[in-house]
Amino acid sequence: MTDPNTGPAHADDPTDTIAALAADLEHLSHIVTSLTTTGTAKSTAPQLQPPPRPWCWPKMPHARKADRLGELGDWLTQVLFGWPTAQRAIQPCWPRHWDVIEEISMLYCTWKTAYLWEGATAGDAAEHLDRWLPNALERIEIRLRPCSQNHQPDGPRRDDTAIIVAVQDELRWL
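Criteria and thresholds
- Residues numbered from 1 in each chain as written.
- Predicted model: local features only at pLDDT ≥ 70, side-chain atom pairs only at ≥ 80, totals over all residues.
- Heavy atoms only, no water.
- Phe/Tyr/Trp six-rings, centres within 6.5 Å; stacked < 30°, edge-to-face > 60°.
- Helix = DSSP H or I, 4+ residues; strand = E, 2+ residues; numbered from the N terminus.
- Buried < 20%, exposed > 50% of the residue type's maximum accessible area, 1.4 Å probe, protein only.
- Core = buried A, V, L, I, M, F, W, Y, C linked by side-chain atoms within 4.5 Å.
- Contact = heavy atoms within 4.5 Å.
- Polar contact = N/O pair within 3.5 Å; in protein donor to acceptor, adjacent residues only side chain to side chain.
- Axes fitted to C-alpha atoms, helices over the stretch in contact; angles between N-to-C directions.
- Parallel < 35°, antiparallel > 145°, perpendicular 65-115°, else oblique.
- Nonpolar A, V, L, I, M, F, W, Y, C, P; charged D, E, K, R; others polar.

**Digging into the packing of aromatic side chains**
Piece 1. Counting across every chain of the model gives seven aromatic pairs.
Piece 2. Measuring from centroid to centroid gives 6.3 Å for Y108 and W111, while their planes differ by 15 degrees, and the two rings are stacked. Placement of the pair is Y108 and W111 together in helix α4 (residues 98-115), with a separation of three residues, close to one helical turn. Comparing Y108 with W111, the two get one shared label, buried.

**Description of the nonpolar core**
Side chains that are nonpolar tend, in soluble globular proteins, to be buried together.
Piece 1. In terms of nonpolar packing, the biggest core is built from 28 residues, with L72, W75, L76, L80, I90, W94 and I104 touching the most fellow members.
Piece 2. The set of elements that each furnish at least two residues to this core consists of α2 (62-78), α3 (84-89), α4, α5 (122-144) and α6 (161-173).
Piece 3. Element by element, the count of residues in this core is highest for α4, at six residues.
Piece 4. Apart from the residues lying within four places of it in its own chain, the contact partners of W94 are L69, L72, G73, L76, V100, I101, I104, L144, R158, D160 and I164.

**Some remarks on the side chain of S105**
Piece 1. Of note, S105 is situated in helix α4.
Piece 2. Looking at S105, its side chain comes within polar contact range of the main-chain oxygen of I101, at 2.8 Å.
Piece 3. For S105, the contacting residues outside a window of four places in its chain are W55, W57 and L72.

**Notes on the packing of α2 against α6**
Piece 1. Two elements in contact, α2 and α6, have axes whose closest approach is 8 Å; the angle formed by their N-to-C orientations is 170 degrees. By the angle between their directions, the pair α2 and α6 is classed as roughly antiparallel. Across the interface between the two elements, H62, K65, A66, D67, L69, G70 and G73 from α2 touch I164, V167, Q168, L171 and R172 from α6.
Piece 2. Among the residues forming the contact of α2 with α6, the class breakdown is five nonpolar, four polar and three charged.

Pasting the structure below:
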C-alpha cells in the first residue's frame, strides 16, 4: 500500500497516484474477500443449541410434572446430595412444597447449563457453584426449617424415591 508519509514516488504525476491507489484498492479487495469468505464459513458452521431453559411448572400438564419431578429426584440423589449441606437443607418433604420445587428446578437448570450444555465455560460452573448453589440452598433451608424435626448428620446419600413416587402417583391421578 502507499506510504501515507511519503506518498507515491512521483507525487506530481497523477497517473502514479492513481496507480498506487488502484493497487491499494486491489489489496483491500483481497482482504475484504478473505474476511467475507471466513465470515461465510463461520455462519454455515453448526450453531450451538441454546442453553437449557427453566421449566414453567404452573403451565405444565400433571403427567409431565410427575415425570419432571422424577428427573429432579434422580438429579438430587445422584448429584446434589453429594454436598452434605444440600442433604441438610433439603428435607424429605420437598416434593410437597412447590416453591422449593421451583428453587430446585432453577438449580438443576443452572447445573445443566454449567456442566451439560455444549457452550458451557468454566465461568458457568464457577457461577453455579459460587452464586446459585449456596443461595438456593440457603433459601430452601429457610423455607423448610419448620418441617425439619431433627438434625440430619452427614452420612450416606439420601434417596427420596419413595416420596417422589407417591407424589408422582398423585399427580397422575389429577
